[in-house]
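In case you want the letters, here they are:
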Amino acid sequence: MNTADTQTGQARHDRSPLRAIALKVASVAVFVGMSSFIKAAGQLPAGQIVFFRSFFAILPILVMLGWQRELRFALATQRPLNHIARGAVGVTAMALSFFALTRLPLPEAITLNYAQPLLVIVFSVLFLGETIRIYRWSAVIVGLIGVSIVSWPKLTLLGAASGLSNQEAIGVAAALAGAAVSAVALLLVRNLVRTERSTTIVLWFSLSASVAGLLSLPFGWAPLSGEQAAFLVAAGFCGGIAQILMTEAYRYAEASTVAPFEYTSMILAIIVGYLAFDEVPTVHMVVGGAIVITAGLFIIWRERRLGIERAGARKLTPPQ
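Quick summary incoming for the structure in this document.

Thresholds, definitions, all that
- Residues numbered from 1 in each chain as written.
- Predicted model: local features only at pLDDT ≥ 70, side-chain atom pairs only at ≥ 80, totals over all residues.
- Heavy atoms only, no water.
- Core = buried A, V, L, I, M, F, W, Y, C linked by side-chain atoms within 4.5 Å.
- Buried < 20%, exposed > 50% of the residue type's maximum accessible area, 1.4 Å probe, protein only.
- Helix = DSSP H or I, 4+ residues; strand = E, 2+ residues; numbered from the N terminus.
- Contact = heavy atoms within 4.5 Å.
- Axes fitted to C-alpha atoms, helices over the stretch in contact; angles between N-to-C directions.
- Parallel < 35°, antiparallel > 145°, perpendicular 65-115°, else oblique.
- Left-handed = near helix turned anticlockwise from the far one by under 90°.
- Nonpolar A, V, L, I, M, F, W, Y, C, P; charged D, E, K, R; others polar.
- Polar contact = N/O pair within 3.5 Å; in protein donor to acceptor, adjacent residues only side chain to side chain.
- Salt bridge = Lys/Arg side-chain N within 4 Å of Asp/Glu carboxyl O.
- Patch = residues over 30% accessible without salt bridge, like charges linked within 9 Å, V, L, I, M, F, W, Y side chains within 5 Å.
- Areas by Shrake-Rupley, 256 points an atom, 1.4 Å probe, with all protein chains shown as cover.

Remarks on the nonpolar core
Part 1 of the reasoning: Among the nonpolar cores identified, the biggest contains 54 residues, and I38, V50, F98, L104, L112 and Y114 are the most heavily contacted of them.
Part 2 of the reasoning: At 7 residues, helix 7 (residues 115–128) tops the list of elements feeding residues into this core.
Part 3 of the reasoning: Each residue touching V50, except ones within four places of it in the same chain, is listed here: V91, M94, A95, F98, A209 and G213.
Part 4 of the reasoning: One finds I58, I61, A74 and V202 within the second-largest nonpolar core, a separate group that totals 8 residues.

Next comes the structure, spelled out in structure tokens:
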């Protein structure tokens, strides 16, 4: 049996949709746990949270790389500037998202982040010149209407007398800005994966985010209680573990099989928000979130259909 046959057989052996789904749901649960720890730590400087989240995520990632015997080559790259650019954009998105987490109910902060895949499509047209047809444009418009339903009650309170109202309005603005910047970061990752290993991208980002977070120290970090420090360290470990689980999920099944289970985070966030923070989801959050999820699932379904059509066209095209 030649190498190609061996790899094909291994690929078939590795396909396990149920295992992939289990890993994806586990990664989503751990990511929600990470967000919960950050929220429980209180309103801390975003740069301080970024440092703890990124630095303590490195240890589980290094353990994984050592186990896979990839540690020696983990940072090897011919595109360091691209990694630095991705890191700068990613850190900005992370800081905005963490800022929003500390000022919004957990379910709303997570639901607003669902705007990211919708904005990826918009930016793909604007920056990459990709062709998007009416079906996906319709889904993007419907999804953004859902985002507006979630965010509008908070944004209309901007400038109100209540300080809490102002904080929540600013939190919504930060969450939406974070989703937009995160969409740009994803486009940069799409460019990197053409030549770089996934582990290299993850480790470069964790290191660059740790450095960026540490550089914010002169701008004023808050003194931490023992409980706050424990929450932030736990958030870092959760971030690293969730990243590993998510990477492994995509190893065992196609993205179109795994991606829809990202939306289980909304259910988990509602449960955790209610039990841990006494947060009751509003009607706007539930209705808007359902619309956003429906639009996202339609986009995933459409991408799967297009992938099947392209594969069929390649099979029917005679060799030149």
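Points about the packing of helix 5 (residues 80–101) against helix 10 (residues 198–215)
Two measures define how a pair of helices packs: the angle their axes make with one another and the distance between the axes.
Part 1 of the reasoning: Between helix 5 and helix 10, whose axes approach to 9 Å, the crossing angle comes to 60°. As summarised for this structure, helix 5 and helix 10 are arranged oblique, according to the angle between their axes. As for how helix 5 packs across helix 10, the hand of that crossing is right-handed. Residue-level contacts link P80, H83, I84, R86, G87, G90, V91 and M94 of helix 5 to T200, I201, W204, F205, S208, A209 and A212 of helix 10.
Part 2 of the reasoning: Per-class residue counts for the contact of helix 5 with helix 10 are 9 nonpolar, 5 polar and 1 charged.

Let's talk about the side chain of K24
Part 1 of the reasoning: Note on placement: K24 falls in helix 2 (residues 17–40).
Part 2 of the reasoning: Here K24 falls in the buried class, since its relative accessible area comes to 2%.
Part 3 of the reasoning: Here K24 is in contact with M246, A249, Y250, V258, F261 and E262, once residues within four sequence places are set aside.

Brief notes about the side chain of Q228
Part 1 of the reasoning: Within the secondary structure layout, Q228 lies in helix 11 (residues 226–252).
Part 2 of the reasoning: At a separation of 2.8 Å, a polar atom in the side chain of Q228 contacts the main-chain carbonyl oxygen of A41.
Part 3 of the reasoning: Filtering out sequence-adjacent residues up to four positions away, Q228 remains in contact with A41, L44 and P223.

Things to note about the pattern of salt bridges
Part 1 of the reasoning: Here the structure, examined in full by the defined rule, presents 3 salt bridges.
Part 2 of the reasoning: E262 is paired through a salt bridge with K24; the nearest N and O atoms lie 2.8 Å apart. Placement of E262 in the loop between helix 12 (255–258) and helix 13 (264–277) and of K24 in helix 2 is noted, with a sequence separation of 238 residues between them.
Part 3 of the reasoning: In this structure E262 comes out as partly exposed when scored by relative accessible area, which is 31%.
Part 4 of the reasoning: Across the pair R190 and E130 runs a salt bridge, and its minimum N-O distance is 2.5 Å. Of this pair, R190 sits in helix 9 (residues 163–192) while E130 sits in the loop between helix 7 and helix 8 (134–155), placing them 60 residues apart in sequence.
Part 5 of the reasoning: Using a relative accessible area of 34% as the deciding quantity, one classes R190 as partly exposed.

Description of the environment of V120
Part 1 of the reasoning: By secondary structure assignment, the location of V120 is in helix 7.
Part 2 of the reasoning: For the pair V120 and A179, spaced 59 residues apart in sequence, the C-alpha to C-alpha distance is 9.4 Å.
Part 3 of the reasoning: Setting aside chain neighbours within four positions, we find V120 in contact with A183, L186, L187 and R190.

Side note on a nonpolar patch on the surface
Part 1 of the reasoning: Side chains of I267, I271, Y274, L275 and V280 sit close together on the surface and give an oily, nonpolar patch of about 570 Å² of accessible area.
Part 2 of the reasoning: Mapped onto the elements, L275 comes out in helix 13.
Part 3 of the reasoning: For L275, a relative accessible area of 66% translates into the label exposed.

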